Amino acid sequence: MATVAFQTLGCKVNHYETEAVWQLFKDAGYGRVDFADHADVYVVNTCTVTNTGDKKSRQVIRRAIRQNPDSVICVTGCYAQTSPAEIMAIPGVDVVVGTQDRHKMIGYIEQFREERMPINAVGNIMKAKVYEELDVPAFTDRTRASLKIQEGCNNFCTFCIIPWARGLMRSRQPEDVLKQAQQLVDAGYKEIVLTGIHTGGYGEDLKDYNLAKLLKALESVTGLERLRISSIEASQITDEVLDVLKDSPIVVRHLHVPIQSASDTVLRRMRRKYTMAEFGERITRLKEVLPDCAITSDVIVGFPGETEEEFMETFNFINDHKFSELHVFPYSKRTGTPAAMMDDQVDENIKEQRVARLIALSNQLAKEYASKYEGELLEIIPEEFSEEAGGRLVGYTDNYLRVAIEGDESLIGQLVRVKITKAGYPMNDGQFVRIMETLKEQAI
């Protein structure tokens, strides 16, 4: 049996797409082996979001070539899309496929085996108008399933290369989303995470359809207990979305809303399409509708020209609005983006100090948020035994608290009621109460 090994760099969408490509190989009769093993084909799914992403991608490609010089090396993903010539120049790379036409990958590999001529199959992503349908009936991870609902982004923020790697907005057809959601639940998943490049923009390119309608439609999926949105812009938290969130039996009390900066002047330089007054209004409305909602966010620190005053605007806004956790990134130059050519690049030491201050704030806010649930009954879906938690089972509540409990392997993937015995961050201690049979029970 021919074998294939995968290595995935970057975001959740890439991990989702690796699973989709694995399905294609599986259907073609391949067996999957670990990337460190000897394989007939190595597939490297690359990232290009930062210059470091490109560098790591090249290192992994070279490692695959060293492991088995006789294997077929196939490179795909965002770095492959933006810089195919750079990748083709690495001796030993045989096939390059970008972020479209992945269903043709095995055909290209067979063509290479016959002709022994490297193949660059990367096309112009800006011409892609239709969502590429790739089926993922199951995942290697057995507790939470990702479900990709859209591709591409129309925003062109000044720090971001992604529209050039992924193209413009394309939404997946609602019937295909619903069909795959049912397939995932039938395969045993109780939680689905809706994911994409600009997830909250779902439906902007469809006629009379939007994210709110999709969330509502997913309530009809038999056996789906939890639905999570991987990321949504504040402007996409429309009143219609809020109405669905308020009444939905499955959408969780957690939204990841990227802020990047809370200074209007920095946002203008980033070419983000909102003001902080608009962002604040949406967050306030969200908290009115879902008072217990955990709001997590991404922040870029040290964007070109960021002053101490602008940084403090961000710090104070996050503190005032009580975000429950932050992903903090120092600004990193991405070649080919307008921000990389801006004057006033911020000193690395200043960036590091600001990152540390925001991470300290994030830790404090996370502890405050978790403390509200000490002594409460919540549900988790245990995912794995964790050394970090002293060998206990760890899973997430619907509002994204990480909880460790004593229990055996039979609880993994089940919906389990727990009592929070000691709140903390990054981990809460919990006590097993019982396995929940169905979502309807949670109301009891």
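A brief look at the structure comes next.

What counts, and where the lines are drawn
Residues take numbers from 1 onward in each chain, read along the sequence in its written order. Local features in this predicted model are restricted to residues of pLDDT 70 or higher, and side-chain atom pairs are both shown and tallied only at a pLDDT of 80 or more, whereas totals for entire chains, interfaces and linings draw on every residue. Values reported for side chains reflect all heavy atoms of the structure, with hydrogen atoms and water molecules removed beforehand. The helix count covers DSSP runs of H or I at least four residues long, the strand count covers runs of E at least two residues long, and both are numbered beginning at the N terminus. In this treatment the radius of gyration is a C-alpha quantity, and the globule benchmark scales as 2.2 Å times the residue count to the 0.38 power. Between two residues, a contact is recorded if the distance between any of their heavy atoms is within 4.5 Å. Residue exposure ignores everything except the shown protein chains as possible cover, and the areas themselves are Shrake-Rupley values with a 1.4 Å probe. By definition, two strands form a pair when at least two bridges between them are found by DSSP. Comment: axis = line fitted to C-alpha atoms, over the contacting stretch for helices; angle = value between 0 and 180 degrees taken between N-to-C directions. The classification of residues rests on relative accessible area computed with a 1.4 Å probe and restricted to protein chains. Under 20% of the type maximum is buried, over 50% is exposed, and intermediate values are partly exposed. In this context, the arc is that of the directions from the helix axis out to the C-beta atoms. We call two N or O atoms a polar contact when they sit within 3.5 Å, provided that within protein one can donate a hydrogen and the other can accept it, with sequence-adjacent residues counted only if both atoms are side-chain atoms. Planes of paired rings set the category: under 30 degrees apart is stacked, over 60 is edge-to-face and the rest tilted, where pairs are Phe, Tyr or Trp rings (Trp by its six-membered ring) whose centres lie within 6.5 Å. Salt bridge, as used here: a side-chain nitrogen of Lys or Arg that lies within 4 Å of a carboxyl oxygen of Asp or Glu. A helix is expected to span 1.5 Å for every residue after the first. Pairs of cysteine sulfur atoms within 2.5 Å are identified as disulfides in what follows.

## Things to note about the overall build of the chain
1) Next: The secondary structure content of the chain amounts to 13 helices and 19 strands.
2) Next: Computed over the C-alpha atoms, the radius of gyration of the chain is 22 Å, within 12% of the 22 Å expected from 2.2 N^0.38 for a compact globule of 444 residues.
3) Next: Dimensions of the chain along its principal axes, counting C-alpha atoms only, are 65 × 55 × 50 Å.
4) Next: Pairs at least 24 residues apart make up 73% of the contacts formed inside the chain by residues separated by at least 6 positions.
5) Next: Accessible surface computed for the chain: about 19,100 Å², of which carbon and sulfur atoms make up 51%.

## Examining the sheet that holds strand 10 (residues 191-195)
1) Next: The sheet built from 3 strands is open, its strands ordered 7-10-11 with parallel pairing. A strand with exactly one partner marks an edge of an open sheet, and here the two such strands are strand 7 (144-148) and strand 11 (226-229). Neighbour-to-neighbour, the strand axes of this sheet turn through a mean angle of 25°, independent of strand direction.
2) Next: The pairing of strand 10 with strand 11 spans 4 bridges and is classified as parallel. By the bridge assignment, E191 is partnered in strand 11 with R226.
3) Next: Strand contacts of helix 7 (residues 174-186): strand 7 and strand 10, with the helix running at about 165° to strand 7, the strand carrying the most contacts.

## Description of helix 8 (residues 211-218)
Residues that lie three or four places apart on an α-helix share one face, since the helix turns once every 3.6 residues.
1) Next: Those residues of helix 8 that fall on the buried side of the exposure criterion are L211, A212, L214, L215 and L218. Down the axis of helix 8, the buried side of the element spans an arc of 160°, and every buried residue falls inside it.
2) Next: Two or three places before A212, at the start of helix 8, stands the capping residue N210, its side-chain oxygen 3.3 Å from that residue's backbone nitrogen.

## A look at the packing of aromatic side chains
Here the distance between the centres and the angle between the planes together describe a pair of aromatic rings.
1) Next: One pass over the structure, following the stated rule, counts 16 aromatic pairs.
2) Next: Seen from their ring centres, F6 and F25 are 5.8 Å apart, and the 85° between their planes marks the pair as edge-to-face. On the criterion of sequence distance, the pair formed by F6 in strand 1 (residues 3-8) and F25 in helix 1 (residues 12-27) is long-range, its members being 19 residues apart.
3) Next: Of the residues examined, F6 reaches a relative accessible area of 9% and is grouped as buried.
4) Next: Both rings, one in F311 and one in F315, keep their centres 6.3 Å apart while their planes meet at 50°; by these two values the pair is tilted. Separated by 4 residues within a single helix, F311 and F315 lie in helix 12 (residues 308-321), roughly one turn from each other.
5) Next: What makes F311 buried here is its relative accessible area of 1%.

## Re the pattern of salt bridges
1) Next: Summed over the entire model, instances satisfying the criterion amount to 32 salt bridges.
2) Next: A salt bridge links R253 to D292; its shortest N-O distance comes to 3.5 Å. Of this pair, R253 sits in the loop between helix 9 (239-247) and strand 12 (254-256) while D292 sits in the loop between helix 11 (276-289) and strand 13 (294-301), and the two are 39 residues apart along the sequence.
3) Next: The closest approach of N and O atoms between E379 and R417, which form a salt bridge, is 2.7 Å. Linking E379 in strand 15 (residues 377-386) with R417 in strand 18 (residues 416-422), this pair joins segments that are 38 residues apart in sequence. Of the two residues examined, E379 and R417, each falls in the buried class.
4) Next: Via salt bridges that share partners, E17, R102, E132, K148, E151 and R166 belong to a single interconnected network.

## Digging into helix 12
1) Next: With 14 residues, helix 12 should cover 20 Å at 1.5 Å per step; its first-to-last C-alpha distance of 20 Å lies within 8% of that length.
2) Next: Looking at the residues trailing helix 12, positive phi occurs at K322, about 55°.

## Looking at the state of the cysteines
1) Next: Inspection of every chain in the model, using the stated rule, returns 0 disulfides.
2) Next: C78 supplies the cysteine sulfur nearest to C47, a cysteine that is in no disulfide, at a spacing of 6.6 Å.
3) Next: Look at C47 and you get buried, because its relative accessible area is 12%.
4) Next: The thiol of C74 is not disulfide-bonded; the next cysteine sulfur, from C78, is found 15 Å away.

## Topic: the sheet that holds strand 4 (residues 72-77)
The strands making up a sheet are joined through hydrogen bonds of the backbone, oriented either antiparallel or parallel.
1) Next: Taken in spatial order, the 6 strands of this open sheet run 2-1-3-4-5-6, and their pairing is parallel. Lying at the two open borders of the sheet, with one neighbouring strand each, are strand 2 (31-32) and strand 6 (119-120).
2) Next: Across 2 bridges, the pairing between strand 5 (residues 95-96) and strand 6 is parallel. Within strand 6, the residue paired with V96 across the bridge is N120.
3) Next: Those strands touched by helix 2 (residues 51-67) are strand 1, strand 3 (41-46) and strand 4, and its axis lies near 175° from that of strand 3.

## Let's talk about the pairing of strand 13
1) Next: With respect to burial, strand 13 is a largely interior element, 8 of its 8 residues being buried.
2) Next: A two-sided burial pattern is seen for strand 13, the buried positions comprising A294, T296, D298 and I300 on one face and I295, S297, V299 and V301 on the other.
3) Next: Summarising the sheet, strand 12 and strand 13 pair through 3 bridges and their orientation is parallel. Along strand 13, the bridge assignment pairs H256 with T296.

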